[in-house]
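# Working through the structure, step by step
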Amino acid sequence: MAEIKNIGLIFSRITKANKYFLFAFILLFFLYHLATIKVSPIPWFDETFFASITASFNSTQKLNLNIAPFAYNGEILLYGPVFFWITSFFTKTLGFDIFSFRLPGLVFGTLCLLVYYKVVRISFSKETALMVVAALALDPLFNSHMHYGRMEPVTLFFALTSIFVVLKAMSSSYRNSRSILLYALAGLLFSLALLTTPRVGVLLLGLGITQVYYLLKKPSNARALQLVVFSGSVVLVYVCWIFVAFGSLHNLVNYYLDFHGYIGGGFSFPKQQIPLIFITTVSGIAWGLVSYKRRMPELIVFSMVSAILYYSLVHDTGTYSLLILPACYTIIGSSVALLLKQRSLKSYSRLLVAAPILTIVLFNLLFFTIKFFTIYNTLDSRDPKYIDAFIKSYIPPNSKVIGDEIYYYAVSSANSDFQYIHLYKDDISREHYQRKIYGYDFIVMSHDLNRDRPELLQLYQRNSDLVKIAEFTQLSDNNFPLIDKVSSFFRVTVRSSYDCTIYKRVKEGKRLRTYFPVE
C-alpha cells in the first residue's frame, strides 16, 4: 500500500541492496545456528519427550512415550502426526542424535523468515519488511526455538504459508477458479499446521474472523465461496485425522479433556519479552488512534485479532508464544509506517516515530549478544561429545538406564534404553515400576538433580544395591562475570553442565565384578 511505503526514507541507505541484504542475513543466521545447534541448550524435558516419541515412531510406527511408558496409556495423539513424520525423516536419514532431531526446527525456522518476508511485503515496503524480519530473527524466543526440538517452527511455517496465500488472494482481484484453488491450498496448509500442534488453531480462528469481517463489510458470492472452500479443506483433512486416530469425534473430545490444563489464557510470558509486549501494545493503540476511520489492511486486522485471541485463550508458559511473534512484529512495523506517513512530522519527529521498531531491534540484538557470550562461556561443558564418550565407556550396549533427561541422547548413542528417573507419577510408584517391571541396570544422576532432590537417590538406594562406578565433572575455562550478571537479570542463565555420577544396580544373584571402562 502506498501510505506505508514512506518508512523507506529512513532505512533506504541501510538496505540499498535489498535482495543481497536479505540473502546474506538469512544465510549468516542459518550458519550461526547450524554451528551452535548441538551445544545450546543442553537437552531438556520437552525436547526429550518429543525425541522419545520420534524414536518410537521410527521403530514401531507408533507415537508412544518410551522414555516414560508408565505415564500415559497408549499413543500420544495430542499434537498430531506431522511433526513426528518430519523428525522421523531427518533422524532416519542422518541418524538419531541431538543434531538430527534439532535440525528440523532450524530448517523450518529459517523458512519462516523467508515466508514472513513475503507476508509483510503484501503491505510493507521492502525496507520496512526487512527491518521487521530482522527484528523477528533476532527475537530471543525465536532464536531459542531454532534449537529447542519442539514443533512450533514447523507449525508456524505451515501457518504463515497458508496466511500468505489467503492474504494474497484477498488483496488481489481473483474472481475465477484460480482463487478457489488458492483457498483450497491455504486450507490444506493450515490443516498441516493443526496436525503439528492444535495450539495454532488460535491463528486459524484469527484468519477466519478476518475473512468473515471483510465478507460482511463487502458481501459477495465469490468471497463467500472462497471462505467455504478454505474452511472445508481444513475441516476435511482434520476430520480424516480424527477418524483414523480416534475413531470418532466423541473419543477426540474425551481424549483432550485429560489435557484441559493447556487451555485458558494467563498472559504469561518470559521476562525478556516484556519490551516486545509493551511496544506491541503501544503500537496497536497508536495505530487505532491514527487510522480508526480508515480501511484496515487485512494483515493488520489478522495480527491484532490473533494477538488478542492468543493471550485470551492459550495457557502459555512462554514457549508457545513463538506462534504469535509474527503478529506482534507486524503490529509494530505497521504502526511505525503509518505514523511516518503523517506529513506534519519533521525530520527529528520521524526518527522518534521510528523509535519502536529501532528499539526492539537493538534490544533483540543486545539479547542475542548476551546469549552468544553465555554459550561461548560454557562451550566446552556444553559439547555433548564428552558425555557421549563417558557414557559409552561405562555403560555397555543394550543396558537399561534411568536418569535426568539431559542424558537421553548420550545413552541412546550408546545403544542403550533410557527412562526418566524423576518425572511422571509419584517417586514410589515410578521406582517400583523401574525396579520390578523395567529392571533398570544403571542410574545416571546429574549433580544438579542430586543436590535438589537427594531423597530421590536415597529411595532407589533403599530398594536396590547401587554401586558408584564413575563420576563425570567438566568445568568451563572461560569466565565473563559481567555477562553472567546480565544473563542472570534477564534469566538467560540455563543449564550448562553434564556433570553426573553413574551407579550400577547389582541385581539379586549377581556379584559385581571389578568395573573397568568399555574400550
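Computed from a predicted structure; not experimentally measured.

For the chain, the helix and strand inventory stands at 24 helices and 5 strands. The buried share of the chain, reckoned over its 519 residues, is 54%. Residue pairs at least 24 apart in sequence account for 77% of intrachain contacts in the chain once pairs closer than 6 positions are excluded. If you sum the accessible surface of the chain, you get close to 23,500 Å²; carbon and sulfur atoms cover 63% of it.

Here we come to the sheet that holds strand 2 (residues 417–420). Strand order in the open sheet formed by 5 strands is 2-1-3-5-4, with mixed pairing between adjacent strands. With one partner strand each, in any of the chains shown, strand 2 and strand 4 (465–472) form the two edges of the open sheet. Sheet twist, expressed as the mean angle between neighbouring strand axes with direction ignored, is 25°. Pairing analysis gives 7 bridges linking strand 4 to strand 5 (residues 500–506), with the strands arranged antiparallel. Bridged to Asp465 within strand 5 is Val506.

On to helix 5 (residues 98–120). Over its 23 residues, helix 5 extends 34 Å from the first C-alpha to the last, a length consistent with the 33 Å expected when each residue adds 1.5 Å. For helix 5, the buried fraction is high: 18 of the 23 residues fall into the buried class. Taking the backbone nitrogen of Phe99 as reference, a side-chain oxygen 3.2 Å away marks Asp97 as the first, capping residue of helix 5.

As a further point, take the pairing of strand 5. Strand 5 sits mainly inside the fold: 7 of its 7 residues count as buried. Summarising the sheet, strand 3 (residues 442–446) and strand 5 pair through 5 bridges and their orientation is antiparallel. Residue pairing across strands places Ile443 opposite Tyr503, the latter belonging to strand 5.

Another aspect to go through is helix 21 (residues 427–438). The complete set of buried residues in helix 21 reads Asp427, Arg430, Glu431, Gln434, Arg435 and Tyr438. Each buried residue of helix 21 lies within a common arc of 125° when the element is viewed along its axis, so the set occupies one face. Exposed side of helix 21, more than 90 degrees from the buried face: Ile428, Lys436 and Ile437 are the residues found there. Elements in contact with the buried residues of helix 21: strand 1 (400–403), strand 2, helix 23 (454–463) and strand 5. For helix 21, the N-terminal capping position is held by Asp426, with its side-chain oxygen 3.2 Å away from the main-chain nitrogen of Ile428. Residue Gly439 follows helix 21 closely and has a positive phi angle near 70°.

Further remarks concern the packing of helix 3 (residues 45–60) against helix 5. Orientation of helix 3 relative to helix 5, taken along the N-to-C sense of each, is 105°, at an axis distance of 11 Å. It follows that helix 3 is roughly perpendicular to helix 5 by the angle criterion. Here helix 3 contributes Glu47, Phe50, Ala51 and Thr54 to the contact with helix 5, which in turn contributes Ile98, Phe101 and Arg102. When the residues that make up the contact of helix 3 with helix 5 are grouped by side-chain class, the tally is 4 nonpolar, 1 polar and 2 charged.

Before going further, it helps to spend a moment on the packing of helix 5 against helix 6 (residues 126–137). Where helix 5 meets helix 6, the closest approach of the two axes is 9 Å, and the angle between their N-to-C directions is 145°. Between helix 5 and helix 6 the crossing geometry is right-handed. On helix 6, the residues touching Leu113, Tyr116, Tyr117 and Val120 of helix 5 are Lys126, Ala129, Leu130, Val132, Val133, Leu136 and Ala137. By residue class, the composition of the contact of helix 5 with helix 6 is 10 nonpolar, no polar and 1 charged.

Now for the pattern of salt bridges. According to the stated counting rule, one finds 11 salt bridges in the structure shown. Taking the shortest distance from any N to any O, the salt bridge between Arg430 and Asp427 comes out at 3.0 Å. Of this pair, Arg430 and Asp427 are both found in helix 21, 3 residues apart, which corresponds to roughly one turn of the helix. Accessibility assignment for this pair places Arg430 and Asp427 in one class, buried. Of the charged contacts, one joins Asp452 and Arg451 as a salt bridge, the two residues approaching to 3.7 Å between their closest N and O atoms. Arg451 matches Asp452 in its accessibility class, with the two residues each being exposed. Look at the salt bridges and you will find they share partners, linking Asp427, Arg430, Arg453 and Glu455 into a network.

Further remarks concern the pairing of strand 1. Pairing of strand 1 with strand 2 involves 4 bridges; the strand directions are parallel. Counterpart to Val401 in the pairing with strand 2 is Phe418. Handedness of the β-α-β unit built from strand 1, helix 20 (residues 408–413) and strand 2 comes out right-handed. Pairing of strand 1 with strand 3, which is carried by 3 bridges, proceeds in the parallel orientation. Within the sheet, the bridge partner assigned to Val401 lies in strand 3 and is Phe442.

The next subject is the confidence of the model for the chain. Here the chain averages 85 in pLDDT, while 83% of its residues score no lower than 70. Scored below 50 in pLDDT, residues 1–15 shows 34 contacts in the model against residues more than four places distant or in partner chains. Note on residues 511–519: pLDDT is under 50 here. Beyond four places in sequence and across chains, it has 14 contacts.

Attention now moves to empty space enclosed by the protein. It is the rolling of a water-molecule-sized probe over the atoms that shows where space remains empty. Per the counting criterion, the structure on display carries 4 cavities of 30 Å³ or more. In this structure, the largest cavity occupies an estimated 90 Å³ of space. For the largest cavity, the lining is made up of 13 residues, of which Leu160, Ile163, Phe302, Pro326 and Ala327 are closest to its centre. Residues of the lining of the largest cavity, tallied by class, amount to 11 nonpolar, 2 polar and no charged. As a volume, the second largest cavity reaches approximately 60 Å³. Surrounding the second largest cavity, Met170, Tyr183, Gln211, Leu215, Arg223, Gln226 and Leu227 form its lining. Broken down by secondary-structure element, the contributors of at least two residues to the lining of the second largest cavity are helix 10 (201–217) and helix 11 (221–245). Looking at the lining of the second largest cavity, the element that brings in the most residues is helix 11, giving 3 residues. Split by residue class, the lining of the second largest cavity holds 4 nonpolar, 2 polar and 1 charged.

Conventions used here
- Residues numbered from 1 in each chain as written.
- Predicted model: local features only at pLDDT ≥ 70, side-chain atom pairs only at ≥ 80, totals over all residues.
- Heavy atoms only, no water.
- Helix = DSSP H or I, 4+ residues; strand = E, 2+ residues; numbered from the N terminus.
- Buried < 20%, exposed > 50% of the residue type's maximum accessible area, 1.4 Å probe, protein only.
- Contact = heavy atoms within 4.5 Å.
- Areas by Shrake-Rupley, 256 points an atom, 1.4 Å probe, with all protein chains shown as cover.
- Pairing = 2+ DSSP bridges.
- Axes fitted to C-alpha atoms, helices over the stretch in contact; angles between N-to-C directions.
- Expected span 1.5 Å × (residues − 1).
- Polar contact = N/O pair within 3.5 Å; in protein donor to acceptor, adjacent residues only side chain to side chain.
- Arc of directions from axis to C-beta.
- Parallel < 35°, antiparallel > 145°, perpendicular 65-115°, else oblique.
- Nonpolar A, V, L, I, M, F, W, Y, C, P; charged D, E, K, R; others polar.
- Left-handed = near helix turned anticlockwise from the far one by under 90°.
- Salt bridge = Lys/Arg side-chain N within 4 Å of Asp/Glu carboxyl O.
- Right-handed = clockwise from strand over helix to strand, strands pointing away.
- pLDDT = per-residue confidence, 0-100.
- 1 Å grid on protein atoms, 1.4 Å probe; cavity = no way out; pocket = protein on both sides within 12 Å on 5 of 7 lines; lining within 4 Å.
- Points joined across faces, edges and corners; volume = space filled by probe spheres on them.

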